[in-house]
Amino acid sequence: MSTKSKYSEIKNTLTGPIFTVFTPFSVDGEINYEQMEKYLFYLYSNKVRCYYVMPYNSRYSQLREDEIFQVNDFVIKTLKNLDKKNFVIVSDCIHGPTTLSAEYGYKAFDSGTDMFASIVREKYFSDRQIFSHFDFLSQKLEMPLLVHEMPFISGYDARNFKWPLSLLERLKDIEHIVAIKEDAKDLEYGKQVIETLEPDVRVIFAGKKRLINDLYNFGLKSYLNGTSIVNPDIAFLFWKSLEKNDKAMIESIFLKIEDPFWDKIVSQFGWHRSNKAILEAAGLMDRFDRLPMEHLDENDFQIVRDFFEKYKDNFMKIAKS
C-alpha cells in the first residue's frame, strides 16, 4: 500500500469543520493552562474531535520557542487523555530554520500528535526553496504533514502574492504531505487550489462562511471554524446545511451570526483581537494577549460584550431552533 493510500483515512477525518485552539494568557502575561484545559474540554464536550493548534490563532508569535514546545505537548496530552480518538494537529514556529521545524515535529509525534503542520514565513525566492523545506520534513519525520499556505512575501520586491500553482503541484508529490491549510481567502484562487490538490491532498480552507459556502460547490471538503469558537454547534449545523443544500438555514446563519460578527466587531477590531474578546464575553477565556499583540481595552471590550449580549441567543441557541 502506498503512503498516500495509507493516509486516506486521515483525509476522511479532515472533513467538515476543524477547530482552532487558542492560547489564553493571564493579565500579567503568563500562559493560562487552566483556561486552555477548560476550553479544550468545552470543545470536546460539544462533540469536537478534530483540533488544530496553529501559529496565529494559537498566538505562537507571542511565545518563546520553549513555550511552543510546551503548548503543543500540553494540548496533545490533554486531548489524548480525554479521548485517544481525538485528532490533533500542532505546528512549528512562524520563523526559524527548517531543522527547528523538524525538532518541533519530532517532539509532537513523540507526544502523540496525529499530524504536524509547518508554515514558511521566510521571504519567497523560488518554488525549489519551499519544496526543499517540506521535502526535508517529510524525509526526516516520515509522518503525516500539513502545509500552512498563506500569501508569500517576495524576496525580490516585498510584494505579497499567492502561492504559484506550480508549487502546489510539486508539493502534492511529497510522500507525507496529506493536507494543506489554504489561507488566501480568494474564491477564484480557491477553486484553482481545489482543482490542483483534491482528492490527493485535503485542502482546509480559512475564511468567512460565505466563502466556504461558495467553495463547497466546487469541491471544498474541510474548513477552519470561525464564529463557532464560542459554540461548536454553529459549525456542525452549517456543515450539515451545506451537505443537505439547506439554503434557508445557511442564510439564517449568515444573517444571525456571521454578518453581524464580521460587520460590527471584526471590521472594528480585526479577527485576532475579536476572537479573544468574544471568547471572554462568552465566559470561555480571558481576552489578554502579550505585546506586541494588543488586546482590547475595557472601553472597546464593552462594545464586544454588548454585542454578545444582543446576539447571544443567535450564537448559543441557533442549532436548537
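This section reports on the structure supplied with the text.

The rules behind each value
- Residues numbered from 1 in each chain as written.
- Predicted model: local features only at pLDDT ≥ 70, side-chain atom pairs only at ≥ 80, totals over all residues.
- Heavy atoms only, no water.
- Helix = DSSP H or I, 4+ residues; strand = E, 2+ residues; numbered from the N terminus.
- Rg over C-alpha atoms; globule rule 2.2 N^0.38 Å.
- Buried < 20%, exposed > 50% of the residue type's maximum accessible area, 1.4 Å probe, protein only.
- Axes fitted to C-alpha atoms, helices over the stretch in contact; angles between N-to-C directions.
- Parallel < 35°, antiparallel > 145°, perpendicular 65-115°, else oblique.
- Left-handed = near helix turned anticlockwise from the far one by under 90°.
- Contact = heavy atoms within 4.5 Å.
- Pairing = 2+ DSSP bridges.
- Core = buried A, V, L, I, M, F, W, Y, C linked by side-chain atoms within 4.5 Å.
- 1 Å grid on protein atoms, 1.4 Å probe; cavity = no way out; pocket = protein on both sides within 12 Å on 5 of 7 lines; lining within 4 Å.
- Points joined across faces, edges and corners; volume = space filled by probe spheres on them.
- Nonpolar A, V, L, I, M, F, W, Y, C, P; charged D, E, K, R; others polar.
- Expected span 1.5 Å × (residues − 1).
- Arc of directions from axis to C-beta.

1. Some points on the overall build of the protein chain
Moving on, step 1. For the protein chain, the count of helices and strands is 13 helices and ten strands.
Moving on, step 2. A compact globule built from 321 residues would reach a C-alpha radius of gyration of about 20 Å, and the protein chain, at 19 Å, matches this within 12%.
Moving on, step 3. With respect to the principal axes defined by its C-alpha atoms, the protein chain has extents near 50 × 45 × 45 Å.
Moving on, step 4. Taken across its 321 residues, the protein chain has 57% of its residues classed as buried.

2. Points about the packing of helix H3 (residues 33-45) against helix H4 (residues 65-82)
Moving on, step 1. As a packed pair, H3 and H4 sit with axes 11 Å apart at the nearest point and diverge in direction by 40°. Here H4 runs oblique to H3, going by the angle between their axes. Where H3 crosses over H4, the handedness of that crossing is right-handed. Counting all contacts with H3, which are made through Tyr 33, Met 36, Glu 37, Leu 40, Phe 41 and Tyr 44, the residues of H4 involved are Glu 67, Gln 70, Val 71, Phe 74, Val 75, Thr 78, Leu 79 and Leu 82.

3. Examining the side chain of Ser 126
Moving on, step 1. On the secondary structure map, Ser 126 appears in the loop between strand E4 (115-119) and helix H6 (127-141).
Moving on, step 2. Here Ser 126 falls in the buried class, since its relative accessible area comes to 16%.

4. Description of the pairing of strand E8 (residues 177-182)
Moving on, step 1. Counting buried positions along E8 gives six out of six residues, so the element sits mostly inside the fold.
Moving on, step 2. Where strand E5 (residues 145-149) lies against E8, five bridges are found, and the strand directions are parallel. Each bridged residue has a counterpart across the sheet, and for Glu 149 the counterpart in E8 is Glu 182.
Moving on, step 3. Pairing between E8 and strand E9 (residues 202-205): four bridges, direction parallel. Looking across to E9, one finds that Ala 179 is bridged to Arg 202.

5. Some points on the nonpolar core
Moving on, step 1. Counting 95 residues, the largest nonpolar core has Trp 163 and Phe 315 as the members making the most contacts within it.
Moving on, step 2. Element by element, the count of residues in this core is highest for helix H11 (residues 247-269), at ten residues.
Moving on, step 3. Among residues more than four places away in sequence, those in contact with Phe 315 are Thr 227, Val 230, Asn 231, Ile 234, Ile 257, Phe 261, Ile 278, Phe 307 and Phe 308.
Moving on, step 4. Ile 10, Ile 18, Ile 89 and Leu 146 belong to the second largest nonpolar core, which has 16 residues in total.

6. Some points on the layout of surface pockets
Moving on, step 1. There is about 300 Å³ of room inside the largest pocket.
Moving on, step 2. Put simply, the second largest pocket is a space of about 160 Å³.
Moving on, step 3. If you trace the second largest pocket, you find 15 residues lining it, with Gly 96, Thr 98, Val 120, Glu 122 and His 133 closest to the centre.
Moving on, step 4. If one sorts the elements of the lining of the second largest pocket by residue count, H6 sits on top with three residues.
Moving on, step 5. In terms of residue class, the lining of the second largest pocket is made up of six nonpolar, six polar and three charged.

7. Concerning the environment of Tyr 311
Moving on, step 1. Along the polypeptide, Tyr 311 turns up in helix H13 (residues 298-317).
Moving on, step 2. Tyr 311 gets classed as buried once you look at its relative accessible area, which sits at 12%.
Moving on, step 3. In this structure the C-alpha to C-alpha distance between Tyr 311 and Ile 257, which are 54 residues apart in sequence, comes to 7.6 Å.
Moving on, step 4. Tyr 311 has contacts with Lys 256, Pro 260 and Lys 264, leaving out every residue within four places of it along the chain.

8. A word on the environment of Ile 278
Moving on, step 1. Of note, Ile 278 is situated in helix H12 (residues 271-281).
Moving on, step 2. Using a relative accessible area of 1% as the deciding quantity, one classes Ile 278 as buried.
Moving on, step 3. In this structure, the C-alpha to C-alpha distance between Ile 278 and Ser 267, residues eleven residues apart in sequence, is 14 Å.
Moving on, step 4. Filtering out sequence-adjacent residues up to four positions away, Ile 278 remains in contact with Ile 229, Val 230, Phe 261, Val 304, Phe 307, Phe 308 and Phe 315.

9. What about H6?
Because each turn of an α-helix spans 3.6 residues, side chains separated by three or four positions end up pointing in the same direction.
Moving on, step 1. With 15 residues, H6 should reach 21 Å at 1.5 Å per residue; the first-to-last C-alpha distance of 21 Å fits that figure.
Moving on, step 2. Every buried residue belonging to H6 is among Asp 127, Ile 130, Phe 131, His 133, Phe 134, Leu 137, Ser 138 and Leu 141, and all of these are buried. One side of H6 holds all its buried residues, which, seen down the axis, span an arc of 155°. Exposed and oriented more than 90 degrees from the buried face of H6 are Arg 128 and Gln 139.
Moving on, step 3. At the exit of H6 stands Glu 142, carrying a positive phi of roughly 55°.

10. Points about unusual backbone geometry
Moving on, step 1. Looking along the chain, the bond that leaves Glu 198 and enters Pro 199 is cis, with omega of 0°.
Moving on, step 2. Along the chain, Pro 199 falls in the loop between helix H8 (187-197) and E9.
Moving on, step 3. Residue Leu 291 is joined to Pro 292 through a cis peptide bond whose omega torsion reads 15°.
Moving on, step 4. Residue position: Pro 292 is located in the loop between H12 and H13.
Moving on, step 5. In this model, Ala 158 sits at a positive phi of 65°, which is unusual for a non-glycine residue.
Moving on, step 6. Residue placement: Ala 158 occurs in the loop between strand E6 (152-153) and strand E7 (160-161).
Moving on, step 7. The exposure class assigned to Ala 158 is exposed, which follows from its relative accessible area of 52%.
Moving on, step 8. Although it is not a glycine, Lys 185 sits at a positive phi angle of roughly 55°.

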